[in-house]
Amino acid sequence: MDSIGKEQQNAEKLAAAIEAVKFIKDGDVVGLGTGSTATFAIQELAKRIKTGLKITAAASSIKTEELAIAAGIPILKLENLGSIDISIDGADEFTESLDLIKGGGGALFREKIIASLSKNAIIITDSSKKVKLLGAFKVPIEVVPLAYQYVFNKIETLGGAGKLRNKDNQKFITDNGNYIIDADFGLIDNPEKLSSQLNEIDGLLAHGLFIGLTAKVIMAKGNEILTFNSF
Ligand code: 5RP
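Residues numbered from 1 in each chain as written. Predicted model: local features only at pLDDT ≥ 70, side-chain atom pairs only at ≥ 80, totals over all residues. Heavy atoms only, no water.

1. Topic: the environment of Lys119
Logical step 1: Inspection of the secondary structure assignment puts Lys119 in the loop between helix 4 (108-117) and strand 6 (121-125).
Logical step 2: Assessed through its relative accessible area of 58%, Lys119 is described here as exposed.
Logical step 3: As a C-alpha pair, Lys119 and Ser87 span 32 residues in sequence and 8.2 Å in three-dimensional space.
Logical step 4: In this structure, Lys119 is in contact with Ser83, Ile84 and Asp85, ignoring residues within four places of it in sequence.
Logical step 5: One polar contact links Lys119 to Asp85, side chain to side chain, over a distance of 2.9 Å. (Helix = DSSP H or I, 4+ residues; strand = E, 2+ residues; numbered from the N terminus. Buried < 20%, exposed > 50% of the residue type's maximum accessible area, 1.4 Å probe, protein only. Contact = heavy atoms within 4.5 Å. Polar contact = N/O pair within 3.5 Å; in protein donor to acceptor, adjacent residues only side chain to side chain.)

If you want it as structure tokens, here you go:
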């Protein structure tokens, strides 16, 4: 991961967001991600709606839903949607093969549902998010509270070191009422295998490895826009 200054990082997030929002067209059902980069996309989408674009949207978190409603974006309930035309979300890390780590903001479960429902799942990032191997960023894992110890042990048997996420000295609670374990697996040689192993654990609602879910990553780097496609 390259380290860049905050100002440049924000300029790159905005540039990637502007580029991605160009892909949205009239009539689309749009999946809205969570986090600072996705917020730039929500603001750009709101601008296009003000100049006549007609879309509906579904949010990946309560925070995003509130932002979208305040910006005048019509929101549908995710539970009623069988498919989404296009989604735009951020990521914590991505590789050129379009594997991701997501969930830094704790919205990974709904983000994964949105990505899975999307015909065109677009990820937008600044240049600090591109890595050769995933894993410097710990893998967020959403766990049903009563299964916390069990999942914690299972993560250890897979070679990971888990840490319960806290916020303001309290356990971090997701929008779904669950805990997050941030799991350090070191650099991950085979993210697909680890994803399948994690999927086997009872009580684990979702993990932040997004494998084969992304159609396109749009990354801004300085004044350049780089696009990585899945095919
Ligand atoms: C939230 C996410 C975010 O997309 C990810 O954490 C990136 O956030 P940001 O755009 O603020 O860097 O997965 O759960």
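Moving on from the coordinates now.
2. A few points about helix 1 (residues 6-21)
Logical step 1: End to end, helix 1 covers 22 Å across 16 residues, agreeing with the expected 22 Å (1.5 Å per residue, within 8%).
Logical step 2: Gln9, Glu12, Lys13, Ala16, Ala17, Ala20 and Val21 are the residues of helix 1 that are buried. Taken around the axis of helix 1, the buried residues stretch over an arc of 160°, which confines them to a single face.
Logical step 3: Residues of helix 1 that are buried in the fold lie against helix 2 (36-50), strand 3 (86-89), strand 6, strand 14 (216-221) and strand 15 (224-229). (Expected span 1.5 Å × (residues − 1). Arc of directions from axis to C-beta.)

3. Topic: the sheet that holds strand 13 (residues 209-210)
Logical step 1: Across the sheet, which stays open at both edges, the three strands sit in the order 4-5-13 with antiparallel pairing between neighbours. The open sheet has two edge strands with one neighbour each: strand 4 (93-94) and strand 13.
Logical step 2: Relative to strand 13, strand 5 (residues 100-101) runs antiparallel, the two sharing two bridges. For Ile101, the partnering residue across the bridge sits in strand 13 and is Leu209. (Pairing = 2+ DSSP bridges.)

4. Some thoughts on the site of the ligand
Logical step 1: Of all residues adjacent to the ligand, which total 17 residues, the nearest are Ser36, Thr37, Asp92, Gly103 and Lys129.
Logical step 2: In the environment of the ligand, an oxygen atom lies 2.5 Å from a nitrogen or oxygen atom belonging to the side chain of Ser36.
Logical step 3: In isolation the ligand has 380 Å² of accessible area, and contact with the protein removes 90% of it.
Logical step 4: Looking at the shell around the ligand, its residues break down into two nonpolar, nine polar and six charged. (Near = heavy atom within 4 Å. Areas by Shrake-Rupley, 256 points an atom, 1.4 Å probe, with all protein chains shown as cover. Nonpolar A, V, L, I, M, F, W, Y, C, P; charged D, E, K, R; others polar.)

5. What about the environment of Thr51?
Logical step 1: Among the structural elements, Thr51 can be located in the loop between helix 2 and strand 2 (56-59).
Logical step 2: Among the polar contacts made by the side chain of Thr51, one reaches the main-chain carbonyl oxygen of Arg48 at a distance of 3.1 Å.

6. Looking at the side chain of His207
Logical step 1: In this structure, His207 sits in strand 12 (residues 204-207).
Logical step 2: There is a polar contact of 3.3 Å between the side chain of His207 and the backbone oxygen of Ser195.
Logical step 3: Within the local environment of His207, its side chain forms a polar contact with the side chain of Asn199, the two groups lying 2.9 Å apart.

7. A few points about the domain arrangement of the protein
Logical step 1: Considered domain by domain, the protein is made up of domain 1 (6-131 + 211-229) and domain 2 (139-206).
Logical step 2: Measuring from the centre of the C-alpha atoms in domain 1 to the corresponding centre in domain 2 gives 24 Å.
Logical step 3: In this complex, domain 1 contributes 13 residues to the contact, which on the side of domain 2 involves 15 residues.
Logical step 4: Here domain 1 packs against domain 2, burying approximately 1,100 Å² in sum over the two surfaces, 64% of which is carbon and sulfur.
Logical step 5: Of all residues in domain 1, Leu108, Phe109 and Ile211 bury the most surface against domain 2, accounting for 43% of the area lost on that side. (Domains from an automatic or database assignment. Buried area = accessible area lost by both parts, 1.4 Å probe.)

8. A word on helix 2
Logical step 1: The end-to-end C-alpha distance of helix 2, which contains 15 residues, comes to 22 Å, matching closely the 21 Å that a straight helix rising 1.5 Å per residue would cover.
Logical step 2: Three or more residues of helix 2 are buried, namely Thr37, Ala38, Thr39, Phe40, Ala41, Ile42, Glu44, Leu45, Ala46 and Ile49.
Logical step 3: Gly52 occupies a position one or two residues after helix 2 and carries a positive phi of about 115°.

9. Some remarks on the pairing of strand 2
Here is the key point about a regular strand: its side chains alternate between the two faces of the sheet.
Logical step 1: Of the strand pairs in this sheet, strand 1 (residues 29-32) and strand 2 are connected by four bridges, and their pairing is parallel. When the sheet's bridge partners are listed, Leu32 is paired in strand 2 with Ala59.
Logical step 2: Taken together, strand 1, helix 2 and strand 2 constitute a β-α-β crossover, and its handedness is right-handed. (Right-handed = clockwise from strand over helix to strand, strands pointing away.)

10. Some details on the sheet that holds strand 8 (residues 161-164)
Logical step 1: The antiparallel open sheet is built from four strands, whose spatial order is 8-11-7-12. Each edge of the open sheet is held by one strand with a lone partner, namely strand 8 and strand 12. Averaged over all neighbouring strand pairs, the angle between strand axes comes to 30°, with direction disregarded.
Logical step 2: Pairing geometry for strand 7 (residues 139-143) and strand 12, over three bridges, is antiparallel. Across the sheet, Ile141 pairs through a bridge with His207, a residue of strand 12. (Axes fitted to C-alpha atoms, helices over the stretch in contact; angles between N-to-C directions.)

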